[in-house]
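Results of the structural survey
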Amino acid sequence: MTEPIRVFVTGGTFDKEYDEIHGRLYFKNTHLPEMLRLARCRVDVQVTPLMLIDSLEMTDADRGRMVEACRACAERRVLVTHGTDTMADTARALHAAALGKTVVLTGAMIPYAFGSSDGLFNLGSALSFAQVLPAGVHVAMNGRVFPGDRVRKNRETGIFEELA
């Protein structure tokens, strides 16, 4: 039997909706319960929304709140959904906190609500990584996993890569 996984929702492209009237992206609710249902997830997960914000608007105080939530939860395995623009910054903050837990961050480049999102695949991969990786902070994107203290989003290619 697998250990339970706490999923903290922070927003990012994962959970954005499109406002057709004003031509902008916005947040309404998290899509995580629906995504887990569609994926027929059989892992024991508890979804906890922490915030619904774009990662470009995430502050150090928000990251501190995330660190404390990860520290305080009973689960030893944690998944964080996060916007991709500053995911590496948050991964470094979580790494520096030395939580002694397995923490995996993931996100999406295309909103789930658009129907052609990479979010469902990334969520499934991240849940798998969260079950088998050792304690530490990891970033899971597009089927790959990176150490949380040595990752960046390459803004030219739009992919995550490990720093040397």
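Look up: the structure comes first, before these words.
Now for a look at the structure at hand. As the structure is a prediction and not an experimental result, all values here were calculated from the model.

1. Notes on helix α2 (residues 60-72)
An α-helix turns once per 3.6 residues; consequently, residues spaced three or four apart project the same way. For α2, with 13 residues, the first-to-last C-alpha span of 18 Å sits near the 18 Å given by 1.5 Å per residue. Three or more residues of α2 are buried, namely Asp 62, Arg 63, Met 66, Val 67, Ala 69 and Cys 70. Buried positions in α2, seen along its axis, are confined to an arc of 165 degrees and lie on one side of it. Exposed residues on α2 whose side chains face more than 90 degrees from its buried face are Asp 60, Ala 61 and Ala 72.

2. Let's talk about the pattern of salt bridges
All chains considered together, the criterion is met by 11 salt bridges. Across the pair Arg 76 and Glu 3 runs a salt bridge whose closest N-O atoms are separated by 2.7 Å. Here Glu 3 lies in the segment before β1 (5-11) and Arg 76 lies in the loop between α2 and β5 (77-81), a separation of 73 residues in the sequence. Judged by relative accessible area, which is 51%, Arg 76 ranks as exposed. The network of salt bridges with shared partners includes Glu 3, Arg 76 and Arg 77.

3. Considering helix α3 (residues 87-96)
Among the residues making up α3, those that are buried are Met 87, Ala 88, Thr 90, Ala 91 and Leu 94. On an axial view of α3, the arc spanned by its buried residues comes to 160 degrees, and they lie on one face. Buried positions along α3 lie against α2, β6 (102-106), β7 (136-141), β9 (151-154) and β10 (159-162).

4. Observations concerning the sheet that holds β1
Taken together, 6 strands build an open sheet; the order of strands is β4-β1-β5-β6-β7-β8 and the sheet is mixed. On the outer flanks of this sheet lie β4 (45-53) and β8 (144-147), each paired with one strand and no other. For this sheet the average axis-to-axis angle between neighbouring strands, irrespective of direction, equals 20 degrees. Where β6 lies against β7, 4 bridges are found, and the strand directions are parallel. If you follow Thr 102 over to β7, its bridge partner there is Gly 136. Its contacts with the sheet put helix α4 (residues 119-132) on β1, β4, β5, β6, β7 and β8, and the angle it makes with β6 is roughly 170 degrees.

5. Some details on the nonpolar core
In terms of nonpolar packing, the biggest core is built from 26 residues, with Phe 8, Val 80, Leu 94, Val 103, Leu 105 and Val 139 touching the most fellow members. Apart from residues no more than four positions distant in its own chain, Leu 94 is found in contact with Met 66, Val 67, Cys 70, Leu 99, Val 103, Leu 105 and Val 137. Listed in part, the 20 residues of the second largest apolar core include Val 7, Val 9, Tyr 112 and Leu 133.

6. A look at the packing of α2 against α3
At their nearest, the axes of α2 and α3 sit 10 Å apart, and the two run at 50 degrees to each other. Accordingly, the angle class assigned to the pair α2 and α3 is oblique. Crossing angle aside, the handedness with which α2 passes α3 is right-handed. Across the interface between the two elements, Arg 63, Met 66, Val 67 and Cys 70 from α2 touch Asp 89, Thr 90, Ala 93 and Leu 94 from α3. Taken together, the residues that form the contact of α2 with α3 break down as 5 nonpolar, 1 polar and 2 charged.

Each value, and the rule that gives it
Residues numbered from 1 in each chain as written. Predicted model: local features only at pLDDT ≥ 70, side-chain atom pairs only at ≥ 80, totals over all residues. Heavy atoms only, no water. Helix = DSSP H or I, 4+ residues; strand = E, 2+ residues; numbered from the N terminus. Expected span 1.5 Å × (residues − 1). Buried < 20%, exposed > 50% of the residue type's maximum accessible area, 1.4 Å probe, protein only. Arc of directions from axis to C-beta. Salt bridge = Lys/Arg side-chain N within 4 Å of Asp/Glu carboxyl O. Contact = heavy atoms within 4.5 Å. Pairing = 2+ DSSP bridges. Axes fitted to C-alpha atoms, helices over the stretch in contact; angles between N-to-C directions. Core = buried A, V, L, I, M, F, W, Y, C linked by side-chain atoms within 4.5 Å. Parallel < 35°, antiparallel > 145°, perpendicular 65-115°, else oblique. Left-handed = near helix turned anticlockwise from the far one by under 90°. Nonpolar A, V, L, I, M, F, W, Y, C, P; charged D, E, K, R; others polar.

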